[in-house]
Amino acid sequence: MTTLGAVFRPQLPPERLRSVARAADAAGLEELWLWEDCFLASGVASTSAALAWTERLRVGAGLLPVPLRNVALTAMEAATLHRMFPGRAMLAVGHGVQSWMGQTGARVESPMSLLREYLHALRALLGGERLTVDGRYVRLDDVALDWPPTAPAPVHAGGLGPRTLRLTGEAADGTVLDASVPADGVRRACALVAEGRAAAGRSGPHPVTVYLHVATGPGARERLRAEKERTGNTAPGLGVTGDARAVADAVVELAEAGATAVILQPTSDEPDPEGFVRFAAERVRPLVP
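Residues numbered from 1 in each chain as written. Predicted model: local features only at pLDDT ≥ 70, side-chain atom pairs only at ≥ 80, totals over all residues. Heavy atoms only, no water.

If you had to explain the packing of aromatic side chains to someone new, which residues and values would you point to?
Per the counting criterion, the structure on display carries one aromatic pair. Residues W35 and Y211 carry aromatic rings whose centres are separated by 5.8 Å and whose planes lie at 80 degrees to one another, so their mutual orientation is edge-to-face. Placement of the pair is W35 in the loop between β2 (31-34) and α2 (43-53) and Y211 in strand β9 (residues 208-215), with a sequence separation of 176 residues. There is no split in this pair, since W35 and Y211 are both buried. (Phe/Tyr/Trp six-rings, centres within 6.5 Å; stacked < 30°, edge-to-face > 60°. Helix = DSSP H or I, 4+ residues; strand = E, 2+ residues; numbered from the N terminus. Buried < 20%, exposed > 50% of the residue type's maximum accessible area, 1.4 Å probe, protein only.)

Explain the pairing of strand β11 (residues 261-265) residue by residue, including any values.
Burial analysis of β11 places five of its five residues in the buried class, the great majority of the element. On β11, burial covers both faces: A261, I263 and Q265 on one face and V262 and L264 on the other are all buried. Sheet topology note: the strand β1 (residues 3-8)/β11 ladder contains four bridges and is parallel. Paired with A6 across the strands is L264, a residue of β11. (Pairing = 2+ DSSP bridges.)

Just give me the short version of the packing of helix α5 (residues 111-126) against helix α6 (residues 162-171), but keep the residues and values in it.
Relative orientation of the contacting elements α5 and α6 amounts to 15 degrees, with a least axis distance of 10 Å. If you check the angle between α5 and α6, you find them roughly parallel. Both α5 and α6 take part in a crossing whose hand is right-handed. Residues M112, L115, R116, L119, H120 and R123 of α5 form the contact with α6, whose participating residues are R163, T164, L167, E170 and A171. Classifying every residue of the contact of α5 with α6 by side-chain character gives five nonpolar, two polar and four charged. (Axes fitted to C-alpha atoms, helices over the stretch in contact; angles between N-to-C directions. Parallel < 35°, antiparallel > 145°, perpendicular 65-115°, else oblique. Left-handed = near helix turned anticlockwise from the far one by under 90°. Contact = heavy atoms within 4.5 Å. Nonpolar A, V, L, I, M, F, W, Y, C, P; charged D, E, K, R; others polar.)

Right, here's the structure in full:
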């Protein structure tokens, strides 16, 4: 069965998260994803709050930009969430938007090297290992978590370029694709992820989470067009407007291309975020196998 979720957009004020998370939980939505876009809201703080306000909803933080975050700190935060909310916290990391990383003084010469070192260290720390690492960017001296997760804590990674997608297969436990990727792009991405996994000798499941632009209700077509223009994702076939059936058909198309989870991404000016998550759970979910 394809997992269905929705995004809480960080363009909303943080205090709005409580009502949206509770609406998603009450409606039976499977996943709610939060972003750590500069300079809007903390992904980890928001995830912790959303988990505390809900009972069964899985909450994802991603993408967390690795140049901004010491890997030991991210491991501590992730382990805390996994222990307090077993089976409900999700974590995804990525390069970060390079212009934002430059604004913060955190931009690195080789984002690929950083992400590779980071993924290996983060997964090892969450697995309870003690590490001494002297990498190009990640340096740890006899570091281990006192409170590692008591169950496996998957680390997902996001990206778009071929090298990054191969790296997610090599070194991450799952891959996240943004809403700029159509169904054909999902197929290509899955093939690249598989190449990375094969090169690393990895087997077993590797979930692929894909965001999908969605607008519904009055003015949906105009809102989606404006959203795509703002983000530069103007290629034909990206996103969907209309009723639950239209959205479900778009979800199924992505699932058939290889997505194991499809996360509905409302426009940044969505007029009813609580209604959007209820729409996803109550009207779209029953139509998605």
